[in-house]
Structures are given as structure tokens and as C-alpha cells.
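So you can see what is in the structure, the chains are spelled out below.
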Amino acid sequence: MAPGVPLCFSQEMSRAMQCQSRLPWGTWTQLRGCLPERRGTRRAYLCAASGTRRAYLCAASLPGTASSSLLRKLLRADGTSLPRSCIHHQGGSQEPPAQPSSPRHGLAALRNVASSDAIKKHQKSLSAWFSHQPNEERQFGPSFSLDAVHVDPVIRESSLEEILKPSPDLTVQHQLQQPCSRVIGLQNLFDVDACGRQVKTVVLFGTVGTGKSTLIKKMVVDWCHGRLPRFELVIPFSCEDLSQSHTPISLRRLITKKYQHLRDVVPMLGTSNLRMLFILNGLERLNLDFRLAGTELCCDPSEPVPPPAIVVNLLRKYLLPEASIIVTTRPSAVHRIPGKYVGRYAEICGFSDTNLQKLYFQMRLSQPGCGGEDGGDNRPGSSSGEQDNLVEMLSRNLERHNQIAAACFLPSYCWLVCTTLHFLYFTKTVPPSQTLTGIYTSFLRLNFGGEVLDSTDPTNISMMKYVAKTVGKLAHEGVMSRKTCFSEEDLQQCFEVEMKTESELNLLEVFRSDVFRFFLTPCVQPGKEHTFVFTIPAMQEYLAALYVVLGEKKTLTQRVGKELSEVFGKVSEDVVVVLNIISKVLPLRFLPVLLNLLKIFPRYFSRLSGKDRDTIARTMAEELFKEEDYFNDDVLDQINSSILGVEGPMRHPSEVPDDEVFELFPIFMGGILSRRNRAILEQLGCSIKNLAAFEIAKAMKKTVIRNSRKGLPPSELMDYLFFLHEFQNERFTAEAIRSLRTVNLSSVKMTPLKCSVLASVMDTTCHEVEELNLTSCNLDTSSLRTLFPVLLRCKALHLQLNSLGPDACKEIRDLLLHDKCVVSNLRLANNPVGEQGAQFLAEALAGNRSLTRLSLLHTSLGDRGVEVIAQHLAKNQHLQELNLGYNSLTDAAALGLVEVAKKHTTLDTVHLYFNDISEEGKRELHTLRVDQDGVRVLVFLTAGTDVSDYWSNILSIVHRNLPFWDRERVRQHLALILQDLESSRRQTANPWRKAKFLRVENEVKRMLGKLQHGSL
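Cut-offs applied
- Residues numbered from 1 in each chain as written.
- Predicted model: local features only at pLDDT ≥ 70, side-chain atom pairs only at ≥ 80, totals over all residues.
- Heavy atoms only, no water.
- Helix = DSSP H or I, 4+ residues; strand = E, 2+ residues; numbered from the N terminus.
- Buried < 20%, exposed > 50% of the residue type's maximum accessible area, 1.4 Å probe, protein only.
- Contact = heavy atoms within 4.5 Å.
- Areas by Shrake-Rupley, 256 points an atom, 1.4 Å probe, with all protein chains shown as cover.
- Polar contact = N/O pair within 3.5 Å; in protein donor to acceptor, adjacent residues only side chain to side chain.
- Core = buried A, V, L, I, M, F, W, Y, C linked by side-chain atoms within 4.5 Å.
- Pairing = 2+ DSSP bridges.
- Right-handed = clockwise from strand over helix to strand, strands pointing away.
- Axes fitted to C-alpha atoms, helices over the stretch in contact; angles between N-to-C directions.
- Salt bridge = Lys/Arg side-chain N within 4 Å of Asp/Glu carboxyl O.
- Expected span 1.5 Å × (residues − 1).
- Arc of directions from axis to C-beta.
- Phe/Tyr/Trp six-rings, centres within 6.5 Å; stacked < 30°, edge-to-face > 60°.
- Parallel < 35°, antiparallel > 145°, perpendicular 65-115°, else oblique.
- Left-handed = near helix turned anticlockwise from the far one by under 90°.
- Nonpolar A, V, L, I, M, F, W, Y, C, P; charged D, E, K, R; others polar.

## Re the overall build of the protein
And then number 1: Each helix and strand counted, the protein has 43 helices and 18 strands in total.
And then number 2: For the protein, with 1016 residues in total, the buried portion stands at 53%.
And then number 3: Here the analysis covers contacts within the protein between residues at least 6 apart in sequence; of these, 79% occur between residues at least 24 apart.
And then number 4: Per element, the accessible surface of the protein, about 47,000 Å² overall, is 52% carbon and sulfur.

## A short note on the side chain of His911
And then number 1: Position of His911 relative to the elements: it lies in strand β15 (residues 909-911).
And then number 2: The exposure class of His911 is buried, given its relative accessible area of 2%.
And then number 3: Engagement of the side chain of His911 in a polar contact is seen with the side chain of Glu881, the distance being 2.7 Å.

## Looking at the nonpolar core
And then number 1: Counting residues in each nonpolar core, the largest one holds 186 residues, and the members touching the most others are Phe519, Tyr720 and Leu912.
And then number 2: Counting residues per element, this core draws most heavily on helix α17 (residues 411-426), at 11 residues.
And then number 3: Once residues lying within four places of it in the same chain are set aside, the contact partners of Phe519 are Tyr413, Leu444, Phe448, Val467, Val471, Val533, Phe534, Thr535, Met539 and Leu543.
And then number 4: Grouped together as the second largest cluster of nonpolar side chains are 71 residues, Val202, Val234, Leu274 and Met276 included.

## What to know about the pairing of strand β10 (residues 769-773)
And then number 1: With 3 bridges joining them, strand β9 (residues 742-744) and β10 adopt parallel strand pairing. Residue pairing across strands places Thr742 opposite Glu771, the latter belonging to β10.
And then number 2: Running through helix α32 (residues 752-762), the crossover from β9 to the neighbouring parallel element β10 is right-handed.

## Some details on the sheet that holds β9
And then number 1: Taken in spatial order, the 8 strands make up an open sheet running β9-β10-β11-β12-β13-β14-β15-β16, and their pairing is parallel. Looking along the sheet, the strands with just one partner apiece sit at the ends: β9 and β16 (936-938). Strand-to-strand twist of the sheet, defined as the mean angle between neighbouring strand axes without regard to direction, takes the value 10°.

## Observations regarding the pattern of salt bridges
And then number 1: Under the counting rule described, the total for this entry stands at 32 salt bridges.
And then number 2: The partner of Asp634 in a salt bridge is Lys754, with the nearest N and O atoms 3.0 Å apart. Of this pair, Asp634 sits in the loop between α25 (591-624) and α26 (635-644) while Lys754 sits in helix α32, and the two are 120 residues apart along the sequence. Taken as a pair, Asp634 and Lys754 share a single burial class, namely buried.
And then number 3: Across the pair Arg813 and Asp814 runs a salt bridge whose closest N-O atoms are separated by 3.3 Å.

## Here's the deal with unusual backbone geometry
And then number 1: Cis peptide bonds are those with omega within 30 degrees of zero, and the linkage from Val430 to Pro431 qualifies with -5°.
And then number 2: Its location among the elements puts Pro431 in the loop between α17 and α18 (436-448).
And then number 3: Although it is not a glycine, Ser776 sits at a positive phi angle of roughly 55°.
And then number 4: Here Ser776 lies in the loop between β10 and α33 (781-786).
And then number 5: On the basis of relative accessibility, which here comes to 28%, the residue Ser776 falls in the partly exposed class.
And then number 6: For Leu801, which is not glycine, the phi dihedral falls at a positive 60°.
And then number 7: Within the secondary structure layout, Leu801 lies in the loop between β11 (794-798) and α35 (806-816).
And then number 8: Owing to a relative accessible area of 18%, Leu801 belongs among the buried residues under this scheme.

## Remarks on helix α36 (residues 834-847)
And then number 1: Under the 1.5 Å per step criterion, the end-to-end length of α36 is 21 Å for 14 residues, consistent within 8% with the ideal 20 Å.
And then number 2: Turning to α36, the residues buried within the fold contact α35, β13 (853-855) and α37 (862-873).

## Description of helix α28 (residues 675-683)
And then number 1: Buried within α28 are the following residues: Asn677, Arg678, Ile680 and Leu681. Projected down its long axis, α28 carries its buried residues within an arc of 160°, all on one side. Exposed residues lying more than 90 degrees from the buried face of α28 are Arg675, Arg676 and Gln683.
And then number 2: The inward-facing, buried residues of α28 contact α18, α23 (537-549), α27 (664-672) and α29 (690-708).

## Side note on the packing of aromatic side chains
And then number 1: Overall, the coordinates contain 23 aromatic pairs when judged by the stated rule.
And then number 2: For the ring pair Phe625 and Tyr720, a centre distance of 5.6 Å and an interplane angle of 50° mean the geometry is tilted. Highlighted residues: Phe625 in the loop between α25 and α26 and Tyr720 in helix α30 (residues 714-727), separated in sequence by 95 residues. Each of the two residues, Phe625 as well as Tyr720, counts as buried.
And then number 3: A connected cluster of aromatic rings, assembled from ring pairs, spans Tyr413, Trp415, Phe443, Phe448, Phe518 and Phe519.

## Remarks on the environment of Asp490
And then number 1: Considering the arrangement of structural elements, one finds Asp490 in helix α20 (residues 488-495).
And then number 2: With a relative accessible area of 22%, Asp490 lands in the partly exposed category.
And then number 3: Remark: the alpha-carbon pair of Asp490 and Glu477, spanning 13 residues in sequence, is separated by 9.7 Å.
And then number 4: Excluding residues within four positions of it along the chain, Asp490 makes contact with Leu474, Lys483 and Cys485.
And then number 5: A distance of 3.0 Å separates the side chain of Asp490 from the backbone nitrogen of Ser487, its partner in a polar contact.

## Re the environment of Leu799
And then number 1: Its location among the elements puts Leu799 in the loop between β11 and α35.
And then number 2: Classification of Leu799 by relative accessible area gives buried; the value is 0%.
And then number 3: Separated by 21 residues in the primary sequence, Leu799 and Asn778 place their C-alpha atoms 9.8 Å from one another.
And then number 4: If sequence neighbours within four positions are ignored, Leu799 has contacts with Leu774, Leu779, Leu784, Leu804, Ile812, Leu826, Arg827, Leu828 and Asn831.

## Remarks on the pairing of strand β4 (residues 276-281)
And then number 1: Burial within β4 is extensive, with 5 of its 6 residues counted as buried.
And then number 2: In this sheet, β4 lies alongside strand β3 (residues 233-238) in parallel orientation, the contact comprising 6 bridges. The residue bridging Phe237 from the neighbouring strand is Leu280, located in β4.
And then number 3: As paired elements, β4 and strand β5 (residues 324-329) share 5 bridges and run parallel to each other. Bridge pairing in β5 links Leu280 to Val327.

## Things to note about the packing of helix α42 (residues 967-987) against helix α43 (residues 991-1013)
And then number 1: Where α42 contacts α43, the axes come no closer than 10 Å and their chain directions differ by 160°. Of the possible angle classes, the one that applies to α42 and α43 is roughly antiparallel. The element α42 and its partner α43 pack so that their crossing is left-handed. Contacts between α42 and α43 pair Arg967, Val970, Arg971, Leu974, Ala975, Ile977, Leu978, Leu981, Glu982, Ser984, Arg985 and Arg986 from the former with Lys994, Phe997, Leu998, Val1000, Glu1001, Val1004, Lys1005, Met1007, Leu1008, Leu1011 and Gln1012 from the latter.
And then number 2: Looking at the contact of α42 with α43, its residues break down into 13 nonpolar, 2 polar and 8 charged.

## Things to note about the environment of Glu322
And then number 1: Examined against the element boundaries, Glu322 turns out to sit in the loop between α13 (307-316) and β5.
And then number 2: For Glu322 and Leu269, which are 53 residues apart along the polypeptide, the C-alpha to C-alpha distance reads 9.8 Å.

## Re the sheet that holds β5
Through backbone hydrogen bonds, the strands of a sheet pair up, either in parallel or in antiparallel fashion.
And then number 1: The strand order β1-β6-β2-β5-β4-β3 describes an open sheet built from 6 strands, whose pairing is mixed. Each having just a single partner strand, β1 (155-158) and β3 make up the two edges of the open sheet. For this sheet the average axis-to-axis angle between neighbouring strands, irrespective of direction, equals 20°.
And then number 2: As defined by bridge partners, strand β2 (residues 201-205) adjoins strand β6 (residues 344-348) across 4 bridges and the pair is classed as parallel. Looking at the pairing, Leu204 lines up with Ala346 of β6.
And then number 3: Contacts from helix α10 (residues 212-224) reach β1, β2, β3, β4, β5 and β6, with the element oriented near 155° to β4.

## Notes on the packing of α37 against helix α38 (residues 891-903)
And then number 1: Look at α37 against α38: their axes get within 9 Å of each other, and the N-to-C directions meet at 10°. The angle between α37 and α38 places the two elements in the roughly parallel class. The residues of α38 that touch α37, namely those facing Asp863, Val866, Ala870 and Leu873, are Ala893, Leu897 and Val900.
And then number 2: Here the residues of the contact of α37 with α38 sort into 6 nonpolar, no polar and 1 charged.

Here you go:
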């Protein structure tokens, strides 16, 4: 309707009066001049009301007969009559007409609608749709659902002036410092405002990751389950969905198109007092024009208009003025709705209270389905105890005001923390159901999927692509210079140095307003308050890897060359077409030469791009095998420490911090190249072509596999295996694993996840492994079960110092009795095997055909355990060496075992030192000879009047195991050995033997001295 055009029929006068507040002031003035004046009409302003007047105006805003009764009582008490006029519309608040038409008819219609099956079906359909969990949530188990696990973020009431006011601090810390007195609950968003006006339109805004969409989903689910009684009908719309169509459509047709169950309810829109709520999620995706010249007025729900026009007229309150509306948007798009159409601005502030963070973690990590996949054989209650322990450690880390507390200000990062912990602690399948890179890629998809940075910008660049080019550049520069803290100058250099056009500056402003806080936050370390760090440390390495793999790391020459190649390629295609036509008319000889010249540059540039992929592979290899990182913990332990903290005293601020470590960077590079992650990144606007991934993998064979053949420390080898798992390229992994003949992972804490990674990576081939060293790796029964296929193919298997008890020995028995077992050397020293475990191992010895060496040093066998082994030893035909030292054996058990060993066809060496064998028993064992009795028994360091040939072997075993043995008992045994050495030295007259005795005595004395001083 153009300004100044009179209404054609008088019955629209009342509607126009009600719509006064929905029009711009100038338009309303012109419109009113064309209408006849009504005597006795006057306006009442809510803000001017005071005392009883405010009370009756508030009562007038209450629907139903109860409010009418209250209103009549107030009017009689005050002696004031309510004028029959419209309440002036301010800030989107609207008072209902003082004289509602047909209250009984509206009440009857309301009852009919409320009791209709249509709304019930609508609720059921909405509940099913909004309760549907993405794949990323299903990992938490079937019991996890939005309706069962949800923590509402803090919502703070705001104003348009506060939103548009420039802020010197655009970070999360600025929100943390906001006063909490203006906090408002989700149920109170439509309560009356400070002036007593009923709020009809609410704008709910927040930066990326604060939980806008999740909050709306929870709101809809609550209404479906009857927990939002304020509204009888809720109709949610996705603005992204509405932006896809510009075909005119009526509101009624739009509703039935999206929600077919409401086709019986839609005809009643605008004709009843139905309490209705429209939800417009993601308003930043719509380009709205509130000018009358841009969007015409429309008050008819049946009139077809473009979807943006429907939204504009709903917000104007010109269409269905009685309906309530809640809008969610990012901060940069709040100003698109004129302030006069908004009743309340509310900002989602995330989990600004650490108690909310703790509650979120408690609910997430304590779910019954969160304890890992089915198939694990954890003891009853062990999984629950581990979950409680995780929550406790995480709570302590949050209480330290660590950087993680600032990160978990955003609910999205709370989700990432829980998902990462679930991956680290509850992964038990082989191969693991997901990768760490996949977690971070899915995390970005959940927050940035389908998002463009600015819908008004003609480039329509995806938000993730912009982040990869800008924040990725900052992250990469930090990784290359090994720093995690960035100053204001660093940010300006990264974001503003290449800004040349108005469009680029506008995109930067939108980024700073909506996205900056998602990735960067103020540092909380003392002395670094004015610097910024990445919200999660691993996110810096992920974005740096994405920046490199996408090919954004280019020199000026490479960028110019790419642009020229594209230009020449397009021009050459056009010129080739023209020249082909000319050649048919004029047979010129030089045309083929010219055509080839036009194709030279693109071909040349394609070769240069191939060099870029070689550079990516070389960078990956260099970062993966950095020697300065050889003595760090493996990356999985580093991630665990960054989330749960390090137990023990906190570092003093004056202490020099450790060097920054970026070992996840090359692993993320490999993970991003996997097919699944490339597919997700494609949805985010970050395309990585199949050919590029293939060529990078091909170049990696020359660098990564060659460097892996060098001897790697255990933690670095674990990182390499994890890299192969993240890469998800079975052919590449198989070729890499074939080059590993020995696998040394000693002292690496083999969690269920690491065992799954090792098993899945080794499963790509079927070659035999010469040696697998899993010494002191915290293995248990479930670990052995996970690694069972790998252990079968290992010739030398080191399992000492792992607390493997009888249950684990049962698994080892099954391993040794397997027909494909090739284990020939098994070391189980320093494990609590016990008598029951000895029974399982004895059964294994009786039926095994591959084992030649077995070490049961310090395994608490006792006499009974050794007797069981001796009973089954005769059935074995392949064992050559048996170590039973330090097992509290007495003379009877030792001599009984030796009698069996003497009859064994292949057993030639038995270790019995550090046992409780008497002097008489030692003398009897001392007389045994290999040539006479067929077995050598190592009991002590002397052999008559000479030193035993195995003295250095015995002492080295003692030295290696001292940290794990009872030191007092070892000291007593060493004292007895020293006495025996001195006695044997006095009995010999050979000077060379005396010198040999003195050498061994000095070694024992040195060991005793260190033992007494605690230096061993």
C-alpha cells in the first residue's frame, strides 16, 4: 500500500487502527488523514501509566475471561473507564484491543483447536523431527537424547543500543564480565517488559557456538511434551529453508506445505484467539527489506507473497498481529529488524558459570550408554567408576580457572570436550568407530554446516572457507614459529593486511562480530592477559593443517600463476573455438602451433601444482618425525592432559614454561585427506579434489615411509601408528606397516583406544612381526583380547610389568594354544601371575609348539605354582629356556623342577636365582652340568671356584628390575651373593680367577651402595 492512499471500505478502519503501531510514523500520519475522525478516541501509552492505571493495562493484556473479570474489578475500584482505542505500539509490544470481539466464540474455537487431533499429530511429528540426533550424538548411546540431557545456557536481556555500540573487547571475556542482574529464563522471554507491556516479538541472538539452535530444539520438544503451556500452537520455520525459494506463496499454504497435519487448523488463523508462536531460526540467512517500497503490506494469510515478505509482515505485526514470534540470529544481523518491531532482545551468553559447565559434563559423561561400545568385558561398575573419575578430574581442572574453563564458555566446546573424552576412554572396537580428525571435522560441520559468512555479500563465501583462509593462516604461522599466544598486532597482520575492497572489510566485520569468539579467546595465564589463544589448543593445529592441505599456503608467484592459469585456460578455450572455425575456411598452417602455445601455460602450472603437493607431503614428514619431539608424550596423552589437566602442584608463574608442541599438526594433515573428512569439508565449502589427495599420498610414500624406517622412540612410534589410523588409507598403511619388523611401545600407556589403533593398523597386513615390546604399558585382560590377532603374529613378545593376573593368563593360554601362534619368546616378568595363573600357563606349555623361551621372573608363583608347571612341562617338546627367578621357591620345588628339566628333550637352561633355596640345595644344584644332566641351572654368580659365565646377565636383570622389586629383600640377596663371592675367591689360588672375583664383587658392592643411598 502506498503512503496516503485511502482505504476503500470502512470496515477496514478498525483493523487499520489496530495496525497503527506496525507502520512507520510518517506513513501512519498520512494514512490517518484519509480516515474519518472518531470522537472520543484517544491513545493510552503504557509507559505513562502509573498506579492502578498500570494495573488495569496489564490486566487488559491477559487473555481469557479471568483477565476480563480482573479488569472489571479494577475499573470499578478506580472509577476509570478504559478508552476504546488502540494501545500505541512501542518496541514490538502490543496490547490486545480493549474490546475483544466474540469472546465466547473465540473461547469455543480455542477449545476446539486445543482438543483437535491435528495439533496432537503436529506435536508428535515435531517431537520426532526435533528429537532426531545426528550421527555425532549417537555415539553417546541409545539413552542419550535432547529431552533427557540438556543444560540451558545463560540468557541475558539486552537492547539494540547495547548491541550496536562499538565494543573495544570483542572476545568471550567481555561477555564474562557482563552483569548477571539482567539474566532472564527461557520461560520468561515473553513476560511483560520493564514498562509493563506484553512482549510479542523476541530476538534471541548469539555468536556461533553459543547454542541458539539447540535451545530452540529444546523449546519445541518441551512444547510437544506439554512443558510450554503458554502457547497452544508452535510453528517453527528455518530461515535457511525459506531463503531457497522466491516463489510467491501464502502463509496458510506455506504452513501446510511444511506441516501437513495442520491443514485443518490453518483456516482458523486470524479468526480465533489461538495462542500461537512462530519460530524463525537463523534470520541472518534472509535478506529482509522493511521499507514499504521494498516489501508491500499484507494482512491476508491467504495472499501469495514471497517468503521474505511473509516474514517481514509477521514481524511488522501486520499479518497475524495476535501471534508471538521468536527470532534467532547472529549479532551481525540483529539490526536487520527495526527496533520498533522488537519487544525484547535477549543474548545467549553460553555457560558463563562454571557450575553449568560441570552440570553439562556430569549429565553427558554419566549417561548409561556413555561407557563405551558393547563387547567390552569390564567388571561390573568399572565403567561407571571411570565415568565418575573423569567428571571429577574435569571438575578439578575447571576449578583451577584453566584455559579450558574459558573454552567451555561456549556449549559447543563442551560438546567437543565430552566427545573427545568419549573417544579417548571408551573406544573399544577394532577398528575404532571414528578418528580424532573426524571428530573435529564433524564438530565444525555441526556449527558451520551450510553457513555463509554474509548472505548480503555477492561472493556468498562459506563461513568455513573464510575461516580456513584467515584463521588458518594465523594458526599455521603460530605452528611454524611454535607459539600459541597472539598479540593484537598478530591479528591485524593476519586479518587486515590484505583488505583492499569494501566487501572484504564488511566480511571482516561480520567475522569479528559472529565468529571471532568461536576460535580465539583471551589467554588466562598470568602475564599474558592481553594476548589471545585458540579456544582449544588442538583447534590451532587442525586449522593450520586445513590451511596447508587446501593449498592456501602459497607464495605471491604461485598465487599470480594460479590466477593467470585460470585466465589463460578460459581465454584459450574461447580462442580455440574461434580458430577451429577459421581453420575450416582458411587452411592456415600456423594455427596448430598457436593452439599448442595457448595450452602451454596451464600445463606448466599444473606441473607446478604437482610440486606443491610434494611440498605438502614433505612438510607432513618433517613435522611428523621431528627429533626435538622424540621425548614428549604421545599425542593422545597430550590431548588427555590438555582436557583433564596434570595432577600435582601447579606451575609457579615465574617458572619458565615448556616449549610448545605441535605433534597433532601432521596427524591432522593426514586425517583431513581421508575420504570421509573430505566429503564433510566439501559440504562446508572447503573442497579437496580426489586427484590432489591421491598425488599427496603418492608423494608421501617417498618421504613418510622412508623416515619411519629409522628407529623411532616408543611415543613417536605410537604417534606414527595413530597417523596411519587417521589417514584411513588401507593400501598406504599396509605398505608402511610391512616396513616395521619390530614394534617397540614400551612405557606407552596403552589405553583401549591405543590398543584398538594398534590392532586396526597392524591388521592391514598379515606378515610376521619379529618383536613386539609392550613392557610397562598398563595392559589388562581386555587389552590382550583386543590385541589378540596381532599377538599371534609376533615371534618375540614382551609383556612384563603390566599387572597381568590370572584372567590375563587365561587369554595368554588361548593365545599359545592357537594353531596360528608363532610366539617363540614370551616374557611375563613382574606380573602378578600367581598359582591360578600358573595353572593356565602350564596348560599352554603342554600344548604349545612354538615357544622356546619363557620368562616368569618375579611372578609370585610360589612352590605350588612351580609344581603345576613342572607337572605339565614333560608334555612340552620345544621349550629351551625357563626363567623362574625371584618366585619364593624352596628346595623341594626347585629340585623337583630340575628333575623334570633333566628329562626334557630341549630344555637346557633354568633360572632360579633370588629364590629361598638353602645352602644345601644350592650345593646340590651346583653339581648339575649340561654335559652330564642336560640342563644348566642358574642359581648364583659362582660356579665352584670360578665366576659363573652368566654373572653379568643375572646382575643386569637385577639392575633393570630394582624399581619394581622389594628393595630390602634384594639387598639381603645381594649381601648373600657378596659373601658367596668372597668365600669362593679365598678358595682359589689362581690369580686370574681372583681378579675376576674382585671385579664381580665390586659390581655387587656398587649396586649395594646405590641401593642403600636410594640412587637406584
